[in-house]
Amino acid sequence: MPADIPAPTTTTAAGAPHPRFAVGVLAFCGVVVAVMQTIVVPLLPHIPALTGATPAAASWLVTVTLLTGAVFTPVLGRVGDMYGKRRVLVASLLVLVVGSVLCAVSSHIGVLITGRALQGAALAVLPLGISILRDELPPERVLSAVALMSSTLGIGAAIGLPVAALVVENFDWHTMFWVSGAIGVIDIVLVLWCVPESPVRTRGRFDALGALGLSGALVCLLLAVTQGADWGWTSARTVGLLAAAVVVALIWGAYELRVVSPMVDLRISARPAVLLTNVAALLIGFAFYANSLVTAQMVQEPKETGYGLGASLVVSGLCLLPGGVMMVVLSPVSARISAKYGPKVSLALAAGVIGSGYVVRYFTSHNLWLIIAGATVVASGTAIAYSALPALVMRGVPVSETGAANGLNTLMRSIGQAFCSATVAAVLANITFRVGGRTAPTLHAYQLVFLIAAGAALAALLVTLCLPGGRTPVTGAKGETGGTGETGGTTEAGRTAGAGTVGGNRDVPGDRKDGVRTMPIQEGA
């Protein structure tokens, strides 16, 4: 075995006494991390009074988690592929705990932003958990487990808003950070106890320059997108950052194509099965996030607007809770659809359901129960989509690239959410009227958001229909095999091998075929 390939280790019963609980533990970790992304949203209007910060500074409590999540998700996914997924997952949870404690002990806006930045970095837990499940579970359980893990992003968002609203209205606002830190510690203990370390490793050295280049491009892009409304879309800062993002991305791409062990294997990412799945993830992320952004604000608008319901902060947050319940219920349903007809069919169905939900919302913007129904339909489609996306990614990449590939797919969802946030802010800020001595968005502004989100869902449907069909193993495309019979790594020429064993020492879970285990997924017609 070459010296630069970490030797795989076999997990023993002593290391993971209750592996049957691993799925539940990892899903719980995903929900906690997702809750952290939204937990400060109800608090934002109160931050200037609580901390003495400006509203612009307070907005960074959300923006910074988006930036650090976008940067660290693909990077830590790659690190996990190379050096141990459970090890990196535990480190991510530890960072979340540190960030929570910082936010809990201080009211200084600088400390709060730093703590939120650390919490955002823990978003890498999601692709790492998916990778562990792919490596460790028997084939008949992979799809359902991955579906649940992927859906935790939406489940946590739906739970986080009402829980945070309850805390803000009834307790000291630092309490939610103490609680999140304590839950993070529990997560770490449970992971160490129940989750085995995956012995599957990617060979090669970590591409530090590639990670730096990707981070630079993402920071420039997301800063421009999230701050463009405040700075002005034609301002020098916004345009300069967008131009810098393009230049850095081009240089980074040229470098990644030449390096032996790239941060992101662009040749694999350019395959239609992977590229189109990532484009669909961006569009689905955009379509889903509009539901979360608009629902709470819309029902809180005063009745004088003619459409607002004057609901409280807690009631507005609870409007999203049924959607979170549906995401739990529908994740195994999505897995069964993917197993029978293929994840392409699942994703197409999901995009159609999301679009239909926004049509419902367009025509039912005056009744609370119909608003909740429309929001729940959108969440239901999102549950199916978020469950299908990892299956589509895994069928197109080698098993040794699972963490990085799912990290990139999660990143694309986050970028879609960032573009959605900027779009919604621009629409609601520019289509307004005066009512009750204040400026408020018109009903047409909200309906336009619904139409834009429905358009994104329709675009996701069209992209999904362009995905290649056929029977493809979920463990990855069949690739090259080295002279020693090893597969699943990167050859010396920089070409990525297919799914299989690492160091000839461990098989990938799945059906045996030519000494390599794979899990076939039948695409629907």
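About the thresholds
Residues numbered from 1 in each chain as written. Predicted model: local features only at pLDDT ≥ 70, side-chain atom pairs only at ≥ 80, totals over all residues. Heavy atoms only, no water. Helix = DSSP H or I, 4+ residues; strand = E, 2+ residues; numbered from the N terminus. Contact = heavy atoms within 4.5 Å. Areas by Shrake-Rupley, 256 points an atom, 1.4 Å probe, with all protein chains shown as cover. Axes fitted to C-alpha atoms, helices over the stretch in contact; angles between N-to-C directions. Parallel < 35°, antiparallel > 145°, perpendicular 65-115°, else oblique. Left-handed = near helix turned anticlockwise from the far one by under 90°. Nonpolar A, V, L, I, M, F, W, Y, C, P; charged D, E, K, R; others polar. Phe/Tyr/Trp six-rings, centres within 6.5 Å; stacked < 30°, edge-to-face > 60°. Buried < 20%, exposed > 50% of the residue type's maximum accessible area, 1.4 Å probe, protein only. Patch = residues over 30% accessible without salt bridge, like charges linked within 9 Å, V, L, I, M, F, W, Y side chains within 5 Å. Salt bridge = Lys/Arg side-chain N within 4 Å of Asp/Glu carboxyl O. Pairing = 2+ DSSP bridges. pLDDT = per-residue confidence, 0-100. Polar contact = N/O pair within 3.5 Å; in protein donor to acceptor, adjacent residues only side chain to side chain. Expected span 1.5 Å × (residues − 1). Bend = angle between axes of the 7 residues up to and from the residue.

## Remarks on the overall build of the protein chain
Looking only at helices and strands, the protein chain features 19 helices and six strands. Pairs at least 24 residues apart make up 78% of the contacts formed inside the protein chain by residues separated by at least 6 positions. For the protein chain, the exposed surface amounts to about 19700 Å²; the carbon and sulfur share of it is 69%.

## Brief notes about the packing of helix α1 (residues 22–38) against helix α7 (residues 125–136)
Look at α1 against α7: their axes get within 9 Å of each other, and the N-to-C directions meet at 165°. If you check the angle between α1 and α7, you find them roughly antiparallel. In the crossing of α1 with α7, the sense of the turn from one axis to the other is left-handed. Across the interface between the two elements, Val23, Leu26, Cys29, Gly30 and Val33 of α1 pack against Val125, Leu126, Gly129, Ile132 and Leu133 of α7. Partitioned by chemical class, the residues of the contact of α1 with α7 number eight nonpolar, two polar and no charged.

## Some details on the packing of aromatic side chains
For any pair of aromatic rings, geometry is given as the distance between the ring centres together with the angle between the planes. Counted by the stated rule, this structure contains five aromatic pairs. Between Tyr307 and Tyr446, the ring centres sit 5.6 Å apart and the planes meet at 65°, which makes this aromatic pair edge-to-face. A residue pair is termed long-range when its members are at least 10 positions apart, and Tyr307 in the loop between α13 (272–300) and α14 (313–318) and Tyr446 in helix α19 (residues 443–465) qualify at 139 residues. The two residues Tyr307 and Tyr446 agree in class, both being buried.

## Notes on the packing of helix α16 (residues 343–363) against helix α17 (residues 368–394)
Direction vectors running N to C along α16 and α17 enclose 160°, while the axes themselves pass 8 Å from each other. The pairing of α16 with α17 is recorded here as roughly antiparallel in orientation. Note that α16 runs across α17; the crossing there is left-handed. Along the lines of polarity and charge, the residues of the contact of α16 with α17 split into 18 nonpolar, five polar and two charged.

## Structural notes on a nonpolar patch on the surface
Side chains of Leu318, Leu321, Val325, Val328 and Val329 sit close together on the surface and give an oily, nonpolar patch of about 380 Å² of accessible area. Element by element, the count of residues in the nonpolar patch is highest for helix α15 (residues 321–341), at four residues. Along the chain, the position of Leu321 falls in helix α15. With relative accessibility at 32%, the residue Leu321 sits in the partly exposed group.

## Things to note about the environment of Ser106
With respect to the element layout, Ser106 can be found in the loop between α5 (85–105) and α6 (109–121). Under the relative-accessibility criterion, Ser106 is labelled buried at 13%. Through-space distance from the C-alpha of Ser106 to that of His174 is 8.3 Å; in sequence the pair is 68 residues apart.

## Let's talk about the pairing of strand β1 (residues 432–435)
Here β1 runs beside strand β2 (residues 438–441); their pairing, made up of four bridges, is antiparallel. Pairing of Arg434 across the sheet is with Thr439, part of β2. Hairpin connection from β1 to β2: two residues lie between these consecutive antiparallel strands, with Gly436 at a positive phi of about 60°.

## What about the pattern of salt bridges?
Inspection of the entire model under this criterion finds two salt bridges. Where Asp81 meets Lys85, a salt bridge forms, and the shortest distance between an N and an O atom there is 3.9 Å. Note that Asp135 and Lys85 form a salt bridge whose closest N and O atoms lie 2.9 Å from each other. Highlighted residues: Asp135 in helix α7 and Lys85 in helix α5, separated in sequence by 50 residues. Like Lys85, Asp135 is buried. Look at the salt bridges and you will find they share partners, linking Asp81, Lys85 and Asp135 into a network.

## Details of the confidence of the model for the protein chain
Taken over all residues, the pLDDT of the protein chain has a mean of 79, while the share at 70 or more is 85%. Contacts for the low-pLDDT stretch residues 1–17, under 50 throughout, to residues beyond four places or in other chains number 26 contacts. Scored below 50 in pLDDT, residues 470–525 shows 158 contacts in the model against residues more than four places distant or in partner chains.

## Considering the environment of Thr226
Following the sequence through the fold, Thr226 ends up in helix α10 (residues 208–231). Taking the relative accessible area as the measure of exposure, Thr226 reaches 22% and is therefore partly exposed. Measuring from C-alpha to C-alpha, the distance between Thr226 and Cys420 comes to 9.6 Å, with 194 residues separating the pair along the chain. Reaching out from Thr226, the side chain makes a polar contact with the backbone oxygen of Leu222 at a distance of 2.6 Å. Polar side-chain contacts of Thr226 include one of 3.5 Å to the backbone oxygen of Leu223.

## A look at α13
Between its terminal C-alpha atoms α13 stretches 43 Å, which fits the 42 Å expected from 29 residues at 1.5 Å a residue. By the largest-angle criterion, Val294 marks the main kink of α13, which is about 30°.

## Side note on the environment of Thr439
Structurally, Thr439 is set in strand β2. Classification of Thr439 by relative accessible area gives partly exposed; the value is 40%. Along the chain, Thr439 and Ala429 lie 10 residues apart, while their C-alpha atoms are 9.2 Å from each other. Reaching out from Thr439, the side chain makes a polar contact with the side chain of Arg434 at a distance of 2.8 Å.

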